[in-house]
Structure formats: C-alpha cells, structure tokens
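# Notes for the structure review
Spelled out from the first residue to the last, the chains are:
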Amino acid sequence: MNYKKINDYELLYMIEENNEDAFQTLYEKYLPLLRKLTGDFYLILKKYNVEYDDLFQEAHLAFISAMRKYQAEEGTLFFTFLYLSIRSKLLNCMRGILSNKAQICSKSISLSVPVSDDDLILEEVIPDTSILSFDHSLYIKDLFAKLHLFSLELNSIQGQIFELLCNGFEIGDISLLLEMDARAIHNNLYRIRTRLKKYLTSFHNMEIVLY
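Description of the structure in this document. Predicted model only: the values in this text are computed from it and were never measured. (Residues numbered from 1 in each chain as written. Predicted model: local features only at pLDDT ≥ 70, side-chain atom pairs only at ≥ 80, totals over all residues. Heavy atoms only, no water.)

### Notes on the packing of helix H2 (residues 20-45) against helix H3 (residues 52-69)
Counted only if it meets this: Orientation is described by axes fitted as lines to C-alpha atoms, over the contacting stretch for helices, and by angles from 0 to 180 degrees between their N-to-C directions. The helix and strand labels rest on DSSP assignments: H or I over at least four residues marks a helix, E over at least two residues marks a strand, and numbering proceeds from the N terminus. Oblique is the label for any angle not covered by the other classes, which are roughly parallel (under 35 degrees), roughly antiparallel (over 145) and roughly perpendicular (65 to 115). Left-handed describes a crossing whose near helix is turned anticlockwise from the far helix through less than a right angle; right-handed describes the clockwise counterpart. Two residues qualify as a contact provided that any one of their heavy atoms is within 4.5 Å of a heavy atom in the partner residue. Residue polarity follows a fixed list, in which Ala, Val, Leu, Ile, Met, Phe, Trp, Tyr, Cys and Pro are nonpolar, Asp, Glu, Lys and Arg are charged, and the others, Gly among them, are polar.
Following both chains from N to C, one finds H2 and H3 inclined at 135°, their axes separated by 9 Å at the closest point. One element, H2, and the other, H3, form an angle in the oblique class. For the pair H2 and H3, the crossing hand works out as right-handed. Here H2 contributes Phe23, Leu26, Tyr27, Tyr30, Leu31, Leu34, Arg35, Thr38, Gly39, Phe41, Tyr42 and Leu45 to the contact with H3, which in turn contributes Tyr52, Leu55, Phe56, Ala59, His60, Phe63, Ile64 and Met67. Class assignment for the residues of the contact of H2 with H3 results in 16 nonpolar, 3 polar and 1 charged.

### What to know about the pattern of salt bridges
Any two side chains of opposite charge can pair, given that their charged atoms come close. Threshold: The term salt bridge refers to a side-chain nitrogen of Lys or Arg lying within 4 Å of a carboxyl oxygen of Asp or Glu. Using a 1.4 Å probe on the protein chains alone, a residue whose accessible area is under 20% of its type maximum counts as buried, one over 50% counts as exposed, and one in between counts as partly exposed.
Under the definition given, this model contains 4 salt bridges. Across the pair lysine 29 and aspartate 8 runs a salt bridge whose closest N-O atoms are separated by 2.8 Å. Of this pair, lysine 29 sits in helix H2 while aspartate 8 sits in helix H1 (residues 8-16); the two residues are 21 residues apart in sequence, bridging distant segments of the chain. Using a relative accessible area of 47% as the deciding quantity, one classes lysine 29 as partly exposed. For glutamate 153, the salt bridge goes to arginine 195, with nearest N and O atoms at 3.9 Å.

The quantities given are spatial measurements derived from coordinates; they are silent on function.
So, in structure tokens, the structure goes:
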C-alpha cells in the first residue's frame, strides 16, 4: 500500500491501530515543520547554550502528543493543531530556559532596556555599582526586585514582551516568538515604557543624590 497517498485522517486512524508504516509516513510528512519550528527557536535561544537536539526532542514529543490528542470532529486541520502544539511546547521550553538562566531580577538583566519614550534606559537610571557603598548595593538589589514585581503587574502579553526585552531579545525575535506584528509589539512597548517611567521615577531621582 502506498501510504503517501492516504490523507492525514486515515493515517491517524491507522496509527491508532498500531500501523508503524502509517506513523512513519505521517512523521516524514511533517518532519520539515518540526525542523523549521525548532530552527526558529534555536536561532533565538542558542545564546543560552541550548542544544538544537534538545529543542528538536521537545518538538518530537509534541508531535507524538498531538497525534494522540487530535480530534478531527472539532473542525481543526491536523496541520494547524500540530503546528500550535509544537509551537506551544517550544514556547514553554523557552520560558523555562529564561526562568532558570536569566531571571528578570538577576544581574543578567539588560541595562539597555528603554523605560521612556525619550530613550531613557535602565543604565541611566541605575548608578554605577562599582562606586557604590554597601547600602547602595542593597538599593540596587531592591531595584531589581521591584522590577520583577513590576513585570507581574503587566498583562500576559506585556509581561512576556517585557521579560523577553529584559533578557536581550530584539523586536524581531519577540515578534517571531509571540507571533505578533512588530507594530503591535511597539504599541505594547509604548504602554510598558509609560508605566515603567512612572514606576522608576523615585529611583531616577535618587540617582542625583547618589552622584
């Protein structure tokens, strides 16, 4: 039997009957999709020393899970369901990596994060830690903690944008990961900057006192 001429729904039915040839056919058909999504995330996450094979394994597990959970009667194409399943799995993986390796309140936070529409950045808000006293160093730690609390006050989308931005991701990367138009990213950034500028006003004033 030429399984390549069989549609997805029939292949899925045959896979439920433990037909290994049907499984292999479906897997080979969507292997380019697995590689494409894995590659997109790898290009962004490789600076965190993430291995391509580890990400691909996550995509593979998502493929297996999608085959088991897919319900044709819900009206969604298998391709669409599979795409969303793999992407969701890789997004969760990305969030785990960011959480473990680049916490927003750690010293790894990017100091080039813009906090206002006049290009004020965190580096200009935070004093040079090399010349600070012990008390001032505690102030810096407190500031990072407050930034973390600020991120929790944002809505889901803005929180993700802020987290990615603080971890050094470019607008293009954020647009790809969140599947949002760049204009929508910029609009949300404007709202974030407005709120953050007000939130950090007291710290910016303290900079003058410290210097």
